[in-house]
Amino acid sequence: MRIAIDAMGGDNAPDEIVKGALQAIQKYSDISITLVGDEKRIAPLLTSKDRITIIHTEEVIEATDEPVRAVKRKKNASMVLMAKEVSEGRADACISAGNTGALMTAGLFVVGRIEGIDRPALSPTLPTLNGEGFLFLDVGANADAKPEHLLQYAIMGSIYAEKVRGKKNPRIGLLNVGTEDKKGNELTRTAYKLIADSDLNFVGNVEARDLMEGLADVVVTDGFTGNIALKTLEGTALSVFTMLKGALTSSTTAKLAAAVLKPKLKELKQTMDYSDYGGAGLFGLKAPVIKAHGSSNANAMFHAIRQTREILDNKVTEIFISAFENRK
């Protein structure tokens, strides 16, 4: 399996990207990795060159760049060259922790969209209280959506949850403002009917407050709503941990209590750590394109590579293509 990685994308590039790649090479004997970026910065970090190659470029798409313009103008940017490795058949999949909008643009215009899928979906796996996690899509690939798009997301999400996450007959939920089937706006009411009439294991509407309860293995929504929900969850989790840290260091007694609770707090933090789930897949493209978190460390990059390997090993993209060919 050949995986191309944008070594210059993200807050901790290239150091943590390279470390994660080295971990993956040591763990998996069936992958090879192409790191795309500044060779002068990447090469000194490589403790081994076994199954790792470098494509040199000094051009980078920055986080502040306008996505479409950057992809069109910066043709030698590490992210663009990474996507070309896939589109030209030299890599089977690609990963970047860089500019999300630019990666979606490169995915659409360089890698290409699967016929029959109208719009790709950005699809992270988020933690739940029971430790199982759930797939959440779309969280920002497309601000607007039609009911048919949400059905397409549900189909892709179900395939991924079954093939990669090992969920038998995955439970599909629709993010809505209430659990009743008549709740919501025209989009959600119509999408409810479409998904309910499909052969998916649809469990109905899921409210935002219940996302982390593990009521569904896959939750679908439009990209505008999904992005707001995702950032609300992230922000709330960070705020709670900050407040907890403040409370547990506010006095000598609190510090003593914190020392006793430290093992359990570490377990809690591990349960809620997004990085162990890998990156967010851009589902609906002709090859796996994975968006790693912008602040990815070596562990997060390792798990993004692990996730990509599992997608390739389980031929998820091929199943997507077959599923939507059969719907024509």
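Everything that follows concerns the structure shown earlier in this document.
Only a predicted model underlies this, so the values are computations on that prediction, with no experimental measurement involved.

Student: Looking at this structure, I do not really get the sheet that holds strand β9 (residues 201-206). What am I missing?
Tutor: Sheet strands pair via backbone hydrogen bonds, and the direction of the pair is either parallel or antiparallel. One open sheet accounts for five strands, arranged β6-β7-β10-β8-β9; its pairing is mixed. Lying at the two open borders of the sheet, with one neighbouring strand each, are β6 (125-126) and β9. Judged from the two bridges that link them, β6 and strand β7 (residues 134-137) form a sheet pairing that is antiparallel. The partner of Leu 126 across the bridge, within β7, is Phe 134. Its contacts with the sheet put helix α6 (residues 147-163) on β6, β7, β8 (171-175) and β10 (218-220), and the angle it makes with β10 is roughly 165°.

Student: Explain the pattern of salt bridges to me, please; I cannot follow it from the model alone.
Tutor: Pairing is possible between side chains that carry opposite charge, provided their charged atoms lie close to one another. Counted according to the given criterion, the structure contains 14 salt bridges. Note that Lys 74 and Asp 65 form a salt bridge whose closest N and O atoms lie 2.7 Å from each other. Across the salt bridge formed by Arg 90 and Glu 88, the nearest N and O atoms sit 2.6 Å from each other. Arg 90 sits in the partly exposed class, given a relative accessible area of 42%. Shared partners join several salt bridges into a network, and the residues in it are Asp 38, Lys 40 and Glu 58.

Student: Would you mind showing me how to read helix α1 (residues 15-27) here?
Tutor: Every α-helical turn comprises 3.6 residues, leaving residues that sit three or four positions apart pointing alike. Taking 1.5 Å of rise per residue, the 13 residues of α1 would be expected to cover 18 Å, and the 19 Å separating its terminal C-alpha atoms lies within 8% of that figure. Looking at the buried positions of α1, the neighbouring elements they touch are β1 (2-6), β2 (32-37), α2 (39-42), β3 (52-56) and α10 (298-313).

Student: Looking at this model, I keep getting lost on the sheet that holds strand β12 (residues 289-291). Mind explaining?
Tutor: Spatially, β3-β2-β1-β4-β12-β11-β5 is the arrangement adopted by the seven strands of the open sheet, whose pairing is mixed. Each edge of the open sheet carries a strand with a single partner, namely β3 and β5 (121-123). The average angle at which neighbouring strand axes cross in this sheet is 25°, direction not considered.

Student: What am I meant to see in the environment of Lys 182 here?
Tutor: Tracing the backbone shows Lys 182 in the loop between β8 and α7 (186-196). You can call Lys 182 exposed: its relative accessible area is 64%. Considered as a pair, Lys 182 and Lys 27 are 155 residues apart in the sequence and their alpha carbons are 49 Å apart.

Student: What's the story with the pairing of β1 in this structure? I'm lost.
Tutor: Side-chain direction in a regular strand flips from residue to residue, so the side chains alternate between the two faces of the sheet. Where burial is concerned, most of β1 is hidden: four out of the five residues are buried. Two strands pair when backbone bridges link them, and β1 and β2 are joined in this way by five bridges, in the parallel orientation. Its bridge partner being in β2, Arg 2 is matched across the sheet by Ser 32. With α1 bridging β1 and its parallel neighbour β2, the resulting β-α-β unit is right-handed. Note: β1 against strand β4 (residues 93-96), three bridges, orientation parallel. Considered in β4, the bridge of Ile 5 is made with Ile 95.

The rules behind the values
Residues numbered from 1 in each chain as written. Predicted model: local features only at pLDDT ≥ 70, side-chain atom pairs only at ≥ 80, totals over all residues. Heavy atoms only, no water. Pairing = 2+ DSSP bridges. Helix = DSSP H or I, 4+ residues; strand = E, 2+ residues; numbered from the N terminus. Contact = heavy atoms within 4.5 Å. Axes fitted to C-alpha atoms, helices over the stretch in contact; angles between N-to-C directions. Salt bridge = Lys/Arg side-chain N within 4 Å of Asp/Glu carboxyl O. Buried < 20%, exposed > 50% of the residue type's maximum accessible area, 1.4 Å probe, protein only. Expected span 1.5 Å × (residues − 1). Right-handed = clockwise from strand over helix to strand, strands pointing away.

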